[in-house]
Amino acid sequence: MAGQNVFNEILAGEDTFKFYTDGEWKTSTSGKTVNIINPSTLKPVFKVQACTQDEVNKCVDSAKAAQKIWAKTPLWKRAETLHRFAAILREHSVSIAGCLVKEIAKCQKDSVTEVVRSCDLISYTAEEGIRILAQGKFLVSDSFPGNERNKYCLESKIPLGVILAIPPFNYPVNLAVSKIAPALITGNAVILKPPTQGAVAGLHLIHCLHLAGFPKGLVSAITGKGSEIGDLLTMHPGINCISFTGGDTGISISKKAGMIPLQMELGGKDACIVLEDADLDLAASNIVKGGYSYSGQRCTAVKVVCVMESVADTLVSAVNEKVKKLSVGMPEKNCDITPVVSESSANFIQGLVEDAKEKGATFHQEWKREGNLIWPLLIDHVRPDMRIAWEEPFGPVLPVIRIKTIEEGIHHCNANNFALQGCIFTRDINKAIMISDAMESGTIQINGAPARGPDHFPFQGLRDSGIGSQGIINSINIMCKVKSTVINLPGPSYTMG
């Protein structure tokens, strides 16, 4: 149960949670809290603190002071503390998974998987950080024309300072540690602003970090309304880098943030192109897995299928047969399709569906919704004038566009503002690589559904899908900067004799 036993320290009352700053769990001086609504029941399940701007400022000040000390901590000790964090988190994976079930309606088994995956990510980051940060460069001046061998340059990586980490609701644990772990191994401090839906899981995560023994002030977890503290956090002069995963709020953040490094992943409309020679059963399995896992609430979900006309009927039939086998219900029962995160999300999805219906799309299932629970839907014969052809539903609704040429599929992929991932199904590897080269997205999967991971793989979007690249190695490199020390040698060089 959330907040019990070892987590009692983070409780401010029944189902009400404190925020974390300066190594302590505190209640906000605002005296206010923010409700977290259970997507399954549509009723409040938890409350978190509505932090004030003054509390944000104090967190940043504490982080700046603690970071100076942490940066001087030997690299092996930083890695050792991260490994300890991973072990404690793993020990409490079931408890934290229980929070995810209640906050974001992710099924129990997938919630546990998310937490365990996060433990592996932390440990891998600790080891990768040692390998990357232990290496520097040594340059000599006479390799550039006109210079003598009288200057030596020593290049190393140093931390940026204070990292603002903002994960999304759909992976509030995994996408928190994907930001926190690289920041800490590189010698930075971290301020975590968890999503409202997923905040309590994030606070449990931070308590595991607290128990691992990181210095006071190095990591803070601020909760509250984005309308009250969001701009202060993202525009704060004490923040040296922002790592954000979410929606188009990230575009606004990037415009306000100023001259600091940004790592932004802002969603996708991942296109799946199915060619005539594809293994259609393989394609259908991956389309269902990619399109409907966690009720389609993934940035890397299959968001539109572009299938060659000659095999469209066969593919759609195979997909339909697999959709029939998906279980629909509550996350506690480990159903495949569970409620989407909020009523506003469900309403948005319904709007896309109604638009497609009005414009003549073919529905292979009857539209059905109870509260936030939406039954899986495959929408066929979708045309470019339908909203669902372009907009990201973030729900268990998948459009199919029938194409006559490969170029049509490539064009549909490239014409969208989103450009996160895409996939191609074909038995011709040469053709697959040529199509991949033509698709202007951050990652193209060949004969597999779009996915983030394994977590050491690079992960990035183009256009409105983001700035910068994620993945453990790329995150480590983004969260540090190059420092050069040049040694000027006096007088002539000695000759060997």
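Not measured: the values here are computed from a predicted model. (Residues numbered from 1 in each chain as written. Predicted model: local features only at pLDDT ≥ 70, side-chain atom pairs only at ≥ 80, totals over all residues. Heavy atoms only, no water.)

**Structural notes on the UniProt feature "active site" (unreviewed entry) in the chain**
Within this structure's numbering, the places UniProt gives as "active site" (unreviewed entry) are Glu265. Within the element layout of this structure, Glu265 appears in strand S13 (residues 262-265). Beyond its immediate stretch of four places on either side in the chain, Glu265 contacts Phe244, Thr245, Gly246, Cys299, Leu420, Phe459, Ser465, Gly466 and Gln470. (UniProt positions renumbered as here; feature names shortened; annotations may be inferred. Helix = DSSP H or I, 4+ residues; strand = E, 2+ residues; numbered from the N terminus. Contact = heavy atoms within 4.5 Å.)

**Quick look at the packing of aromatic side chains**
On inspection of all chains with the given rule, the structure shows six aromatic pairs. The interplanar angle of 45 degrees and the centroid separation of 4.9 Å between the aromatic rings of Tyr20 and Trp25 together place this pair among those described as tilted. Note on accessibility: Tyr20 and Trp25 belong to one class, buried. Between the aromatic rings of Phe85 and Phe214, the centroid separation amounts to 6.3 Å while the plane-to-plane angle is 90 degrees, which identifies the pairing as edge-to-face. (Phe/Tyr/Trp six-rings, centres within 6.5 Å; stacked < 30°, edge-to-face > 60°. Buried < 20%, exposed > 50% of the residue type's maximum accessible area, 1.4 Å probe, protein only.)

**A closer look at the UniProt feature "domain: Aldehyde dehydrogenase" (unreviewed entry) in the chain**
Mapped onto this structure's residue numbering, the UniProt feature "domain: Aldehyde dehydrogenase" (unreviewed entry) falls at residues 25-484. Secondary structure within residues 25-484 divides into 41% helix and 22% strand; the distance between the first and last C-alpha atoms comes to 40 Å.

**Brief notes about the side chain of Gln421**
Summarising the element assignment, Gln421 is placed in strand S22 (residues 421-425). Here the side chain of Gln421 touches Ala451 through a polar contact of 2.8 Å, landing on its backbone oxygen. When near neighbours in sequence (up to four residues on either side) are disregarded, Gln421 contacts Asp270, Ala271, Thr300, Ser441, Thr443, Gln445, Pro450, Ala451, Arg452 and Phe459. (Polar contact = N/O pair within 3.5 Å; in protein donor to acceptor, adjacent residues only side chain to side chain.)

**Thoughts on helix H13 (residues 429-438)**
Among all positions of H13, only Ala432, Ile435 and Ser436 are buried. Along H13, the residues classed as buried sweep out an arc of 105 degrees about the axis, all on the same side. Exposed side of H13, more than 90 degrees from the buried face: Asn430, Met434 and Asp437 are the residues found there. Where H13 is buried, its residues contact strand S14 (270-274), helix H12 (406-415), S22 and strand S23 (443-446). For H13, the N-terminal capping position is held by Asp428, with its side-chain oxygen 3.1 Å away from the main-chain nitrogen of Asn430. (Arc of directions from axis to C-beta.)

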